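# An overview of the molecular structure
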Amino acid sequence: QVQLVESGGGLVQAGGSLRLSCAASGRLFSINAMGWYRQAPGKQRELVATITSGGSTPYADSVKGRFTISRDNAKNTVYLEMNSLKPADTAVYYCYAVIRSSVGTHGMDYWGKGTLVTASS
């Protein structure tokens, strides 16, 4: 079994900062891409940022220059540093990872349960 556990969400004033973390545990033969999606009330889930095993980091246009994604492979953890938060960033943030559980298997998508980020005006 594989688990992704997020932490770091909360309430912050507009212009403030938060750092999200997501740790993967369980049968982890290899981790390919890791990243973050978010879902605001009444809206579809959208990709925020991804970091590939090669270090590429595409971002959604709405967060470029404000959010930074990084990963610590030794800790199987991905981070999302969020600065200059806006009320429009308010959403549940979900961590995901593409993980191979053993040799010879294909990568599968795994998801965390989500953490709420609220940026108040």
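What comes next is a walk through the structure. What you see is a predicted model, and the numbers here were worked out from it, not measured in a lab.

## Details of the overall build of the chain
Along the backbone of the chain there are 0 helices and 10 strands. For 121 residues, the compact-globule formula gives about 14 Å, and the C-alpha radius of gyration of the chain, at 14 Å, lands near that figure. In terms of its C-alpha atoms, the chain occupies a principal-axis envelope of roughly 50 × 25 × 25 Å. When contacts within the chain are restricted to residue pairs at least 6 apart in sequence, long-range pairs at least 24 apart make up 56% of them. Distance between charge centres in the chain, computed from 12 positive and 7 negative side chains, equals 3 Å.

## Some words on the nonpolar core
Side chains of nonpolar character tend, in soluble globular proteins, to be buried together. In terms of nonpolar packing, the biggest core is built from 30 residues, with W36, L80, M82 and Y93 touching the most fellow members. Looking at this core, the elements with two or more residues in it are strand 1 (2-7), strand 3 (18-26), strand 4 (30-39), strand 5 (46-51), strand 6 (67-72), strand 7 (77-82), strand 8 (91-100) and strand 10 (115-120). The residues contacting L80, other than those within four sequence positions of it, are L18, R19, L20, W36, V48, A49, F67, T68, I69 and Y93.

## Side note on the packing of aromatic side chains
Ring pairs (aromatic) are described by centroid distance and by the angle formed between their planes. Scanning all chains against the criterion turns up 3 aromatic pairs. Relative to W111, the ring of Y96 lies with its centre 5.7 Å away and its plane at 35°, an arrangement referred to as tilted. Here the residue Y96 occupies a position in strand 8, and W111 occupies one in strand 9 (residues 108-111), the gap between them amounting to 15 residues. By relative accessible area, W111 is classed as partly exposed at 37%.

## Describing unusual backbone geometry
For N76, which is not glycine, the phi torsion reads 55° and is therefore positive. For S84, which is not a glycine, the phi torsion comes out positive at approximately 50°. Considering the arrangement of structural elements, one finds S84 in the loop between strand 7 and strand 8.

## Considerations on the pattern of salt bridges
Counted under the stated rule, the structure contains 5 salt bridges. Close ionic contact of E46 with R38 constitutes a salt bridge, the shortest N to O distance being 2.6 Å. With relative accessibility at 33%, the residue E46 sits in the partly exposed group. The exposure class of R38 is buried, given its relative accessible area of 5%. For K64, the salt bridge identified is with D61, shortest N-O distance 3.0 Å. Within this structure, R38, E46, R66 and D89 form a network of salt bridges that share partners.

## Quick notes on the side chain of T50
Following the sequence through the fold, T50 ends up in strand 5. Note on T50: relative accessible area 8%, which makes it buried. A polar side-chain atom of T50 sits 2.9 Å from a polar atom in the side chain of Y96. Other than its neighbours up to four places away in sequence, T50 contacts A33, M34, G35, S56, T57, P58, I69 and Y96.

Scoring rules and cut-offs
- Residues numbered from 1 in each chain as written.
- Predicted model: local features only at pLDDT ≥ 70, side-chain atom pairs only at ≥ 80, totals over all residues.
- Heavy atoms only, no water.
- Helix = DSSP H or I, 4+ residues; strand = E, 2+ residues; numbered from the N terminus.
- Rg over C-alpha atoms; globule rule 2.2 N^0.38 Å.
- Contact = heavy atoms within 4.5 Å.
- Lys, Arg positive; Asp, Glu negative; His and termini not counted.
- Charge placed at Lys NZ, Arg CZ, Asp CG, Glu CD.
- Core = buried A, V, L, I, M, F, W, Y, C linked by side-chain atoms within 4.5 Å.
- Buried < 20%, exposed > 50% of the residue type's maximum accessible area, 1.4 Å probe, protein only.
- Phe/Tyr/Trp six-rings, centres within 6.5 Å; stacked < 30°, edge-to-face > 60°.
- Salt bridge = Lys/Arg side-chain N within 4 Å of Asp/Glu carboxyl O.
- Polar contact = N/O pair within 3.5 Å; in protein donor to acceptor, adjacent residues only side chain to side chain.

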